[in-house]
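# Structure assessment
Below are the chains, spelled out letter by letter.
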Amino acid sequence: MKPTRVLLPINAKGTTSACADVAFDLARLFEAELEVLHPCPPPSQRLPYATELSPIYFEAYLDVSRKQVAYEEKEAVAWFEKASADRGEVEVQLLTVEGLVGPAVAQRAKTADLSVLPTVSAAADEMFAEARDAALFSSGRPALFVPDEAGGHVGETVVIAWKDSVESARAVAAAAPFLERARRVRVISLVADGEPEDETAVAMANYLTAACLPVELKSVQLGERDVGDAILEEAGAGVLLVMGGYGRWRWQEWIFGGATDHVLRNTDVAVLMCH
């Protein structure tokens, strides 16, 4: 089934130009609806925690928060109108949801084929951090992370960073619409020193070949490189990278480092991930 809805979360100032370019282009390419989502915490959720306020100050604070909400919604509408006018004819709608970012993004992402979000290096603020977590961990759907260096059409060459894991298998399944249109599909399998080649990489390459895709399989020695560095080096430039996200507990990646976090911070190509 081809994609029918692309989700583009934004804050009051919109999103990165690269994200907007990619989201509008995908909606046009797949003839899908583009839903621009502006999650906006309501006044009642902007009050300072652990602070006792008199009724007078409480109402005054709520009044300030209401004005801030109205301002943010007005800014989001202005960005949406300009972005839509600049990027041509696409079936697009703006949806403003008064609520916390994480739950709002997770809810809408469940009924979208994928969410388009900036990478950590492109937008490190708290709103997009919460949106990335929600789309990847709480929606059950894929997320496409776009760095500033990417933009417009992605997916002529698809690189699958394969690992024998559930997350990788889900990522390949989610990439089906891109794989069907790709001119070149590369499956790369990293092999640590002294370890045998991953037989499941061969099986995946054969599976994709049976689907009449132009597949190339490459087993790569990891050597002294970190996994994240090796993935980005072997993927190359101007590709769509497909990989599983956070194959181990996230706190382990935070403490010990990990491929997912490294890629999201350092990639210069769009990355389609599934958890």
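Everything numeric here is computed off the predicted structure, so don't read it as measured data. (Residues numbered from 1 in each chain as written. Predicted model: local features only at pLDDT ≥ 70, side-chain atom pairs only at ≥ 80, totals over all residues. Heavy atoms only, no water.)

## Thoughts on the layout of surface pockets
Reported here for the largest pocket is a volume of approximately 630 Å³. Every residue lining the largest pocket is counted, 31 residues in all, and those nearest its centre are Lys163, Leu190, Val227, Ile231 and Ala259. For the lining of the largest pocket, the secondary-structure elements that each account for two or more residues are strand S6 (157-162), helix H5 (166-174), strand S7 (184-191), helix H8 (227-235), strand S9 (240-244) and helix H10 (259-266). Looking at the lining of the largest pocket residue by residue, the classes come out as 13 nonpolar, 10 polar and 8 charged. (1 Å grid on protein atoms, 1.4 Å probe; cavity = no way out; pocket = protein on both sides within 12 Å on 5 of 7 lines; lining within 4 Å. Points joined across faces, edges and corners; volume = space filled by probe spheres on them. Helix = DSSP H or I, 4+ residues; strand = E, 2+ residues; numbered from the N terminus. Nonpolar A, V, L, I, M, F, W, Y, C, P; charged D, E, K, R; others polar.)

## Considerations on the environment of lysine 110
Turning to its location among the elements, lysine 110 is positioned in the loop between helix H3 (101-109) and strand S4 (114-118). The exposure class of lysine 110 is partly exposed, given its relative accessible area of 47%. Residues lysine 110 and serine 139, 29 residues apart in the sequence, show an inter-C-alpha distance of 4.9 Å. Those residues within four positions of lysine 110 in sequence are excluded, and the remaining contacts are Ser138, Ser139 and Arg141. (Buried < 20%, exposed > 50% of the residue type's maximum accessible area, 1.4 Å probe, protein only. Contact = heavy atoms within 4.5 Å.)

## A short note on unusual backbone geometry
Of note, the phi angle at glutamate 31 is positive, near 55 degrees, even though the residue is not glycine. With respect to the helices and strands, glutamate 31 occurs in the loop between helix H1 (17-30) and strand S2 (33-40). In the Ramachandran plot, cysteine 212 falls in the positive-phi region, its phi being about 65 degrees despite a non-glycine side chain. Positionally, cysteine 212 belongs in the loop between helix H7 (199-210) and strand S8 (215-221). Taking relative accessible area as the criterion, cysteine 212 reaches 71% and is therefore assigned exposed.

## As for the pairing of S8
Note: S7 against S8, 7 bridges, orientation parallel. Among the inter-strand pairings, leucine 190 is bridged to a residue of S8, identified as valine 220. Handedness of the crossover joining S7 and S8 through H7: right-handed. (Pairing = 2+ DSSP bridges. Right-handed = clockwise from strand over helix to strand, strands pointing away.)

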